[in-house]
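Next come the chains, spelled out residue by residue.
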Amino acid sequence: MKLLRRGNSDNSDGDDSKSVESSAPIESSPAESVGKGRPTPKRREAETRRRGPVAPPPMTGKEARERRKANRGSKDDRKQASSERRAASSERRERMLAGEDKYLLPRDKGPVRAFTRNLVDARRNLVGLFMPLALLLIFALFLSPGVQAFVTLAMFVMMLFMVIEGVYIGRQINNRVRERFPDTEDGGFKLGWYAFVRASQLRKMRAPKPQVERGAAV
(Lines give C-alpha, C1' and ligand atoms only; values in the text may rest on other atoms or scores of the structure.)
Protein backbone atom coordinates (compact mmCIF):
# COMPACT_ATOMS: atom_id res chain seq x y z
CA MET A 1 0.00 0.00 0.00
CA LYS A 2 2.82 2.35 0.86
CA LEU A 3 4.48 1.52 -2.42
CA LEU A 4 1.32 2.32 -4.33
CA ARG A 5 0.86 5.56 -2.48
CA ARG A 6 4.50 6.47 -3.07
CA GLY A 7 4.12 5.84 -6.77
CA ASN A 8 1.02 7.96 -6.93
CA SER A 9 2.75 10.78 -5.08
CA ASP A 10 5.66 10.60 -7.46
CA ASN A 11 3.33 10.74 -10.43
CA SER A 12 1.47 13.63 -8.93
CA ASP A 13 4.69 15.52 -8.36
CA GLY A 14 5.71 14.90 -11.97
CA ASP A 15 2.34 16.04 -13.23
CA ASP A 16 2.48 19.15 -11.06
CA SER A 17 5.94 20.03 -12.36
CA LYS A 18 4.77 19.53 -15.96
CA SER A 19 1.75 21.70 -15.36
CA VAL A 20 3.91 24.39 -13.83
CA GLU A 21 6.29 24.27 -16.77
CA SER A 22 3.48 24.39 -19.30
CA SER A 23 1.76 27.24 -17.53
CA ALA A 24 4.93 29.37 -17.26
CA PRO A 25 4.88 32.36 -19.69
CA ILE A 26 7.14 32.19 -22.71
CA GLU A 27 9.51 35.09 -22.75
CA SER A 28 10.31 36.58 -26.16
CA SER A 29 13.88 37.26 -27.09
CA PRO A 30 14.98 40.88 -27.46
CA ALA A 31 15.74 40.31 -31.12
CA GLU A 32 12.12 39.29 -31.77
CA SER A 33 10.50 42.02 -29.71
CA VAL A 34 12.64 44.93 -30.91
CA GLY A 35 12.56 46.06 -34.53
CA LYS A 36 10.90 44.54 -37.58
CA GLY A 37 12.97 41.40 -37.53
CA ARG A 38 14.22 41.94 -41.14
CA PRO A 39 16.65 44.33 -42.84
CA THR A 40 15.30 47.55 -44.34
CA PRO A 41 14.94 47.18 -48.15
CA LYS A 42 17.15 49.33 -50.33
CA ARG A 43 15.74 52.19 -52.39
CA ARG A 44 16.39 50.39 -55.67
CA GLU A 45 14.55 47.29 -54.45
CA ALA A 46 11.61 49.37 -53.24
CA GLU A 47 11.37 51.18 -56.59
CA THR A 48 11.56 47.86 -58.43
CA ARG A 49 8.70 46.50 -56.35
CA ARG A 50 6.62 49.58 -57.05
CA ARG A 51 7.25 49.37 -60.77
CA GLY A 52 6.45 45.72 -60.95
CA PRO A 53 8.29 42.92 -62.67
CA VAL A 54 10.68 43.71 -65.51
CA ALA A 55 9.47 42.62 -68.91
CA PRO A 56 11.44 39.73 -70.39
CA PRO A 57 13.70 40.48 -73.38
CA PRO A 58 12.17 40.02 -76.84
CA MET A 59 12.63 36.58 -78.37
CA THR A 60 12.24 37.54 -82.05
CA GLY A 61 13.04 40.52 -84.23
CA LYS A 62 9.35 41.17 -84.86
CA GLU A 63 8.66 41.35 -81.15
CA ALA A 64 11.57 43.74 -80.70
CA ARG A 65 10.27 46.03 -83.48
CA GLU A 66 6.78 46.02 -82.00
CA ARG A 67 8.16 46.88 -78.57
CA ARG A 68 10.24 49.77 -79.98
CA LYS A 69 7.20 51.03 -81.84
CA ALA A 70 5.13 50.91 -78.68
CA ASN A 71 7.79 52.77 -76.71
CA ARG A 72 8.05 55.50 -79.36
CA GLY A 73 4.43 56.41 -78.91
CA SER A 74 1.95 57.40 -81.55
CA LYS A 75 2.79 59.12 -84.82
CA ASP A 76 1.24 62.39 -83.66
CA ASP A 77 3.31 62.35 -80.48
CA ARG A 78 6.50 61.82 -82.47
CA LYS A 79 5.61 64.67 -84.82
CA GLN A 80 4.91 66.98 -81.91
CA ALA A 81 8.18 66.05 -80.18
CA SER A 82 10.10 66.57 -83.43
CA SER A 83 8.51 69.98 -84.02
CA GLU A 84 9.33 71.01 -80.44
CA ARG A 85 12.96 69.98 -80.92
CA ARG A 86 13.18 71.95 -84.17
CA ALA A 87 11.65 75.00 -82.52
CA ALA A 88 14.06 74.80 -79.58
CA SER A 89 17.03 74.36 -81.92
CA SER A 90 15.90 77.29 -84.07
CA GLU A 91 15.52 79.49 -81.00
CA ARG A 92 19.01 78.57 -79.76
CA ARG A 93 20.49 79.37 -83.17
CA GLU A 94 18.71 82.74 -83.35
CA ARG A 95 19.99 83.70 -79.92
CA MET A 96 23.48 82.54 -80.84
CA LEU A 97 23.43 84.65 -84.01
CA ALA A 98 22.16 87.58 -81.94
CA GLY A 99 25.28 87.33 -79.79
CA GLU A 100 23.77 86.17 -76.48
CA ASP A 101 26.73 84.90 -74.48
CA LYS A 102 24.78 81.97 -72.99
CA TYR A 103 24.18 80.40 -76.40
CA LEU A 104 27.57 81.09 -78.00
CA LEU A 105 30.20 78.49 -78.72
CA PRO A 106 33.11 78.36 -76.24
CA ARG A 107 35.42 80.10 -78.73
CA ASP A 108 33.02 83.08 -79.00
CA LYS A 109 32.17 83.58 -75.32
CA GLY A 110 33.37 86.44 -73.19
CA PRO A 111 33.64 90.22 -73.46
CA VAL A 112 37.09 90.02 -75.07
CA ARG A 113 35.81 87.98 -78.01
CA ALA A 114 32.75 90.23 -78.38
CA PHE A 115 35.02 93.29 -78.47
CA THR A 116 37.24 91.59 -81.05
CA ARG A 117 34.26 90.80 -83.28
CA ASN A 118 33.10 94.42 -83.10
CA LEU A 119 36.56 95.67 -84.08
CA VAL A 120 36.67 93.34 -87.08
CA ASP A 121 33.11 94.11 -88.17
CA ALA A 122 33.61 97.87 -87.93
CA ARG A 123 36.43 97.96 -90.51
CA ARG A 124 36.71 97.00 -94.15
CA ASN A 125 39.02 94.04 -94.66
CA LEU A 126 40.74 93.08 -97.89
CA VAL A 127 40.88 89.45 -96.82
CA GLY A 128 37.09 89.41 -96.92
CA LEU A 129 37.33 89.36 -100.72
CA PHE A 130 39.55 86.30 -100.79
CA MET A 131 36.80 83.69 -100.97
CA PRO A 132 34.84 85.18 -103.93
CA LEU A 133 38.03 86.03 -105.83
CA ALA A 134 39.46 82.55 -105.21
CA LEU A 135 36.29 80.95 -106.60
CA LEU A 136 36.41 83.24 -109.61
CA LEU A 137 40.04 82.32 -110.32
CA ILE A 138 39.32 78.61 -109.95
CA PHE A 139 36.52 78.82 -112.52
CA ALA A 140 38.86 80.78 -114.80
CA LEU A 141 41.19 77.78 -114.94
CA PHE A 142 38.60 75.89 -117.00
CA LEU A 143 38.22 78.64 -119.59
CA SER A 144 41.58 78.44 -121.36
CA PRO A 145 44.95 76.75 -120.62
CA GLY A 146 46.70 80.01 -121.47
CA VAL A 147 45.33 81.81 -118.42
CA GLN A 148 46.68 79.28 -115.89
CA ALA A 149 49.94 81.17 -115.41
CA PHE A 150 48.06 84.41 -114.83
CA VAL A 151 45.69 82.74 -112.37
CA THR A 152 48.59 81.17 -110.48
CA LEU A 153 50.35 84.54 -110.18
CA ALA A 154 47.13 86.25 -109.06
CA MET A 155 46.55 83.59 -106.40
CA PHE A 156 50.10 84.03 -105.09
CA VAL A 157 49.68 87.81 -104.86
CA MET A 158 46.36 87.42 -103.05
CA MET A 159 47.85 85.04 -100.51
CA LEU A 160 50.73 87.44 -99.90
CA PHE A 161 48.33 90.30 -99.24
CA MET A 162 46.29 88.06 -96.94
CA VAL A 163 49.35 87.20 -94.84
CA ILE A 164 50.36 90.86 -94.57
CA GLU A 165 46.87 92.03 -93.63
CA GLY A 166 46.42 89.09 -91.24
CA VAL A 167 49.55 90.11 -89.32
CA TYR A 168 48.37 93.73 -89.27
CA ILE A 169 44.89 92.79 -88.04
CA GLY A 170 46.30 90.52 -85.34
CA ARG A 171 48.60 93.20 -83.94
CA GLN A 172 45.95 95.90 -84.05
CA ILE A 173 43.37 93.71 -82.31
CA ASN A 174 45.81 92.65 -79.59
CA ASN A 175 46.80 96.26 -78.90
CA ARG A 176 43.19 97.38 -78.58
CA VAL A 177 42.29 94.42 -76.39
CA ARG A 178 45.20 95.09 -74.02
CA GLU A 179 44.05 98.72 -73.72
CA ARG A 180 40.45 97.78 -72.96
CA PHE A 181 41.12 94.61 -70.90
CA PRO A 182 44.59 94.94 -69.32
CA ASP A 183 44.06 91.94 -67.01
CA THR A 184 42.87 89.47 -69.63
CA GLU A 185 44.85 86.36 -70.50
CA ASP A 186 43.21 86.05 -73.93
CA GLY A 187 45.55 87.42 -76.54
CA GLY A 188 48.53 86.76 -78.72
CA PHE A 189 48.46 84.53 -81.77
CA LYS A 190 45.23 82.79 -80.72
CA LEU A 191 43.23 86.00 -80.56
CA GLY A 192 44.87 87.31 -83.74
CA TRP A 193 43.93 84.14 -85.59
CA TYR A 194 40.35 84.44 -84.33
CA ALA A 195 40.13 87.97 -85.71
CA PHE A 196 41.74 86.96 -89.01
CA VAL A 197 39.31 84.06 -89.58
CA ARG A 198 36.33 86.32 -88.94
CA ALA A 199 37.71 89.02 -91.22
CA SER A 200 38.19 86.51 -94.05
CA GLN A 201 34.51 85.54 -93.98
CA LEU A 202 31.80 87.35 -95.90
CA ARG A 203 29.93 89.75 -93.67
CA LYS A 204 26.58 88.02 -94.19
CA MET A 205 28.06 84.61 -93.34
CA ARG A 206 29.64 85.61 -90.03
CA ALA A 207 28.32 83.99 -86.87
CA PRO A 208 27.44 85.61 -84.53
CA LYS A 209 26.05 88.33 -86.75
CA PRO A 210 27.81 91.70 -86.77
CA GLN A 211 26.50 93.99 -84.04
CA VAL A 212 28.08 97.20 -85.40
CA GLU A 213 28.01 98.92 -88.75
CA ARG A 214 31.07 99.47 -90.93
CA GLY A 215 32.96 102.56 -89.89
CA ALA A 216 31.39 102.65 -86.41
CA ALA A 217 33.58 103.73 -83.49
CA VAL A 218 34.28 100.82 -81.13
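Scroll up to find the structure this text is about.
Nothing here was measured: the structure is a model prediction, and the numbers come from that model.

## Observations regarding the overall build of the protein
Along its length, the protein carries nine helices and zero strands. Helices (α) and strands (β) of the protein occur, in sequence order from the N terminus, as α-α-α-α-α-α-α-α-α. By the burial criterion, 20% of the 218 residues in the protein qualify as buried. The contacts of the protein with a sequence gap of at least 6 include a subset with a gap of at least 24, amounting to 68%. Accessible surface for the protein amounts to roughly 17400 Å². Of this, 59% is attributable to carbon and sulfur atoms.

## Describing the pattern of salt bridges
Going through the model one piece at a time under the given rule, you end up with six salt bridges. For Arg107, the salt bridge identified is with Asp108, shortest N-O distance 3.7 Å. Among the salt bridges present, the one from Arg113 reaches Asp186, with a minimum N-O distance of 2.6 Å. Taken as a pair, Arg113 in helix α6 (residues 111-121) and Asp186 in the loop between α8 (148-180) and α9 (189-199) lie far apart in primary sequence, 73 residues in all. Residue Asp186 is classed as partly exposed on the basis of its relative accessible area of 22%. Connected via shared salt-bridge partners are Asp121, Arg198 and Arg206.

## Section: the packing of α8 against α9
Where α8 contacts α9, the axes come no closer than 8 Å and their chain directions differ by 125°. Taken as axis vectors, α8 and α9 run oblique relative to one another. Handedness of the α8/α9 crossing: right-handed. Of α9, the residues touching α8 (which contributes Met162, Gly166, Ile169, Gly170, Ile173, Asn174 and Val177) are Leu191, Gly192, Ala195, Phe196 and Ala199.

## Topic: the environment of Gln201
One can find Gln201 in the segment after α9. On the basis of relative accessibility, which here comes to 28%, the residue Gln201 falls in the partly exposed class. Along the chain, Gln201 and Pro132 lie 69 residues apart, while their C-alpha atoms are 10.0 Å from each other. Leave out the neighbours within four places in its chain, and Gln201 touches Gly128, Met131 and Arg206.

## Quick notes on the packing of aromatic side chains
This model, assessed by the stated rule, comprises three aromatic pairs. When the centroid spacing of 5.9 Å and the interplanar angle of 75° are considered together, the rings of Phe115 and Phe181 count as edge-to-face. In this pair, Phe115 sits in helix α6 while Phe181 sits in the loop between α8 and α9, placing the two residues 66 residues apart along the sequence. What makes Phe115 buried here is its relative accessible area of 5%.

## Some details on α9
For the α-helix, the turn length of 3.6 residues means that residues three or four positions removed from each other point alike. Listed as buried for α9 are Leu191, Gly192, Tyr194, Ala195, Phe196, Arg198 and Ala199. Of the surrounding elements, those touching the buried residues of α9 are α6 and α8.

What counts, and where the lines are drawn
Residues numbered from 1 in each chain as written. Predicted model: local features only at pLDDT ≥ 70, side-chain atom pairs only at ≥ 80, totals over all residues. Heavy atoms only, no water. Helix = DSSP H or I, 4+ residues; strand = E, 2+ residues; numbered from the N terminus. Buried < 20%, exposed > 50% of the residue type's maximum accessible area, 1.4 Å probe, protein only. Contact = heavy atoms within 4.5 Å. Areas by Shrake-Rupley, 256 points an atom, 1.4 Å probe, with all protein chains shown as cover. Salt bridge = Lys/Arg side-chain N within 4 Å of Asp/Glu carboxyl O. Axes fitted to C-alpha atoms, helices over the stretch in contact; angles between N-to-C directions. Parallel < 35°, antiparallel > 145°, perpendicular 65-115°, else oblique. Left-handed = near helix turned anticlockwise from the far one by under 90°. Phe/Tyr/Trp six-rings, centres within 6.5 Å; stacked < 30°, edge-to-face > 60°.

Scope: geometric values only; no functional claims are made or implied.
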